[in-house]
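Each chain, letter by letter, is given below.
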Amino acid sequence: MIKFYKHNLNKNKNYLTKTLGGQYLTSGPICEEVESILKKKFGKKSAFLTNSWTNAAISILLALKVKKDDEIIIPACTFVACANIIEIVGGKVVFADIDPKTKLMDIDDCLKKITNKTKAIMPVHLYGNLFPTFNLKKKIRKNIYIIEDSAHAFSGEYNNKPLGFYADFLIFSFYATKSITCGEGGAILSNNKQLMENIKSIANNGMSKPAFKRFENNKYKPWDVKSFGFKANLSDINASLLKDQILNYKKLSNIKKTIYIKLKKKLSNLKQIKFPSNLKNNDRDYYLFPIGVNRKLRNELIEHLTSKKIFVTVNFKSITDLSFYKKKYKVKNCVNSIKWGEETLSLPFHAKLKVGEINKIYKEINSFFKKNLIFND
């Protein structure tokens, strides 16, 4: 059996010792420590840990006071959460098509879809391939917020600057399948301290102070609620799993890069397979291993591989092709997104993938195409 992913946590290590030995189990000193590490790593003034990428993004949109008819542009071919969060806060989703080569949001198409109602743009570092935010930022109005979705990337530089440098907000995911994980979790980074303070309040049911901050220097500090909020903060229990992974990410990133290169080199022998093109940047991340095949054979290939206990999935169909969004928005001008959504599948890819497993993946895909010679040209 070749699993689609494996986490990198050390099962023999007790990550929770410090947390369980302290007073606070949630949004306490461990969260603050991890937030400080994140601020230093990415050169941001403020960081906040959340219980998911989704709730992090919702908190941002609420802080930006997104209202009905406010438009937020996202790439059409990405995870559906990018659209869902806009629907939840009452905004309008605007879909930009993807570049046919890189599979990242097409900047030219994005620019065409900017109107006087555009509130924000959310580019995605898809599969770990870094979106060139700088090229977008220099072409848009200053009052349009840029929210970088970095759920698929935790390292890399573009234009010699780290992730998030040109964005107003940078959002990470620490979901179960991510390279860095705490089961469920996320993080927001920004240089806008005022908005970040508002975000922290929103993510704590609108309260002005979390429990950890109500008792300092043996004094009780009263709290207030100036606007509504919801529950989006991360617990120290979850945060305890993050510190070592973040500090040692370079090692993990190098391992995944080596595996990625080996797997791609092997599969490049098959002319039936297409790969997203990498943009020129420094030290891009490697999160998923997507390939593209003839759309008429894609689902059959998935069935073939899973029958051989090689577990694969689809990342992602175009959101414009999903029933809810297809019915509501009736988008017809994201042809590259729809095409890639019908062609793509993601192969097993993680830091523990072995050479023998790489060879088996290649062997079974090659065997499949030999049986379908009509599609080989």
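Anything mentioned here points back to the structure above.
Student: I'd like a description of the overall build of the protein, backed by residues and values.
Tutor: When helices and strands are counted, the protein shows 14 helices and 13 strands. In terms of overall dimensions, the protein is globule-like: its C-alpha atoms have a radius of gyration of 21 Å, near the 21 Å expected for 377 residues. Taken along the three principal axes of its C-alpha coordinates, the protein extends 75 × 55 × 35 Å. Per-residue burial for the protein yields a buried fraction of 54% across its 377 residues. Within the protein, contacts between residues separated by at least 24 positions form 72% of all contacts whose residues are at least 6 apart in sequence. Counting 67 positive and 32 negative side-chain charges, the protein places the centres of these two groups 3 Å from one another.

Student: Describe the packing of aromatic side chains, naming the residues involved and giving the relevant values.
Tutor: On inspection of all chains with the given rule, the structure shows 19 aromatic pairs. Ring centres of phenylalanine 79 and phenylalanine 316 lie 5.7 Å apart, and the angle between their planes is 40 degrees; on these two criteria the pair is classed as tilted. Placement of phenylalanine 79 in the loop between strand 2 (71–75) and helix 4 (81–89) and of phenylalanine 316 in the loop between helix 11 (295–307) and helix 12 (323–329) is noted, with a sequence separation of 237 residues between them. Assessed through its relative accessible area of 47%, phenylalanine 79 is described here as partly exposed. Here phenylalanine 316 falls in the buried class, since its relative accessible area comes to 12%. Relative to phenylalanine 369, the ring of phenylalanine 368 lies with its centre 5.4 Å away and its plane at 75 degrees, an arrangement referred to as edge-to-face. For the pair phenylalanine 368 and phenylalanine 369, a shared accessibility class is recorded, and that class is buried. Feature note: the residues Phe42, Phe154, Phe172, Phe174 and Tyr249 constitute an aromatic cluster, connected by ring pairs. The ring of tyrosine 260 has arginine 284 lying over it, and the distance from NZ or CZ to the ring centre is 5.6 Å. Looking at arginine 284, its charged tip hangs above the ring of tyrosine 286, at a distance of 4.4 Å from the centre.

Student: So what's going on with the pairing of strand 13 (residues 344–347)? Residues and values would help.
Tutor: What you see with strand 13 is no split at all: Thr344 and Ser346 on one side and Leu345 and Leu347 on the other are buried throughout. With four bridges connecting them, strand 12 (residues 289–292) and strand 13 associate as antiparallel partners. Its bridge partner lying in strand 13, phenylalanine 289 is registered against leucine 347.

Student: Any chance you could break down a nonpolar patch on the surface for me, citing the residues and the numbers?
Tutor: Residues Leu20, Leu25 and Ile237 make up a contiguous nonpolar surface patch of roughly 270 Å² in combined accessible area. In this structure, leucine 25 sits in the loop between helix 1 (17–20) and helix 2 (29–42).

Student: Account for the environment of tyrosine 286, naming residues and giving values.
Tutor: Secondary-structure assignment places tyrosine 286 in the loop between helix 10 (249–267) and strand 12. Residues tyrosine 286 and tyrosine 260, 26 residues apart in the sequence, show an inter-C-alpha distance of 7.2 Å. If near-sequence neighbours (up to four positions away) are discounted, tyrosine 286 is found in contact with Tyr127, Ser179, Lys256, Lys257, Tyr260 and Phe349.

What counts, and at which threshold
- Residues numbered from 1 in each chain as written.
- Predicted model: local features only at pLDDT ≥ 70, side-chain atom pairs only at ≥ 80, totals over all residues.
- Heavy atoms only, no water.
- Helix = DSSP H or I, 4+ residues; strand = E, 2+ residues; numbered from the N terminus.
- Rg over C-alpha atoms; globule rule 2.2 N^0.38 Å.
- Buried < 20%, exposed > 50% of the residue type's maximum accessible area, 1.4 Å probe, protein only.
- Contact = heavy atoms within 4.5 Å.
- Lys, Arg positive; Asp, Glu negative; His and termini not counted.
- Charge placed at Lys NZ, Arg CZ, Asp CG, Glu CD.
- Phe/Tyr/Trp six-rings, centres within 6.5 Å; stacked < 30°, edge-to-face > 60°.
- Lys NZ or Arg CZ within 6 Å of the ring centre and 35° of its normal.
- Pairing = 2+ DSSP bridges.
- Patch = residues over 30% accessible without salt bridge, like charges linked within 9 Å, V, L, I, M, F, W, Y side chains within 5 Å.
- Areas by Shrake-Rupley, 256 points an atom, 1.4 Å probe, with all protein chains shown as cover.
- Salt bridge = Lys/Arg side-chain N within 4 Å of Asp/Glu carboxyl O.

Don't take any of this as a statement about function, it's just geometry.
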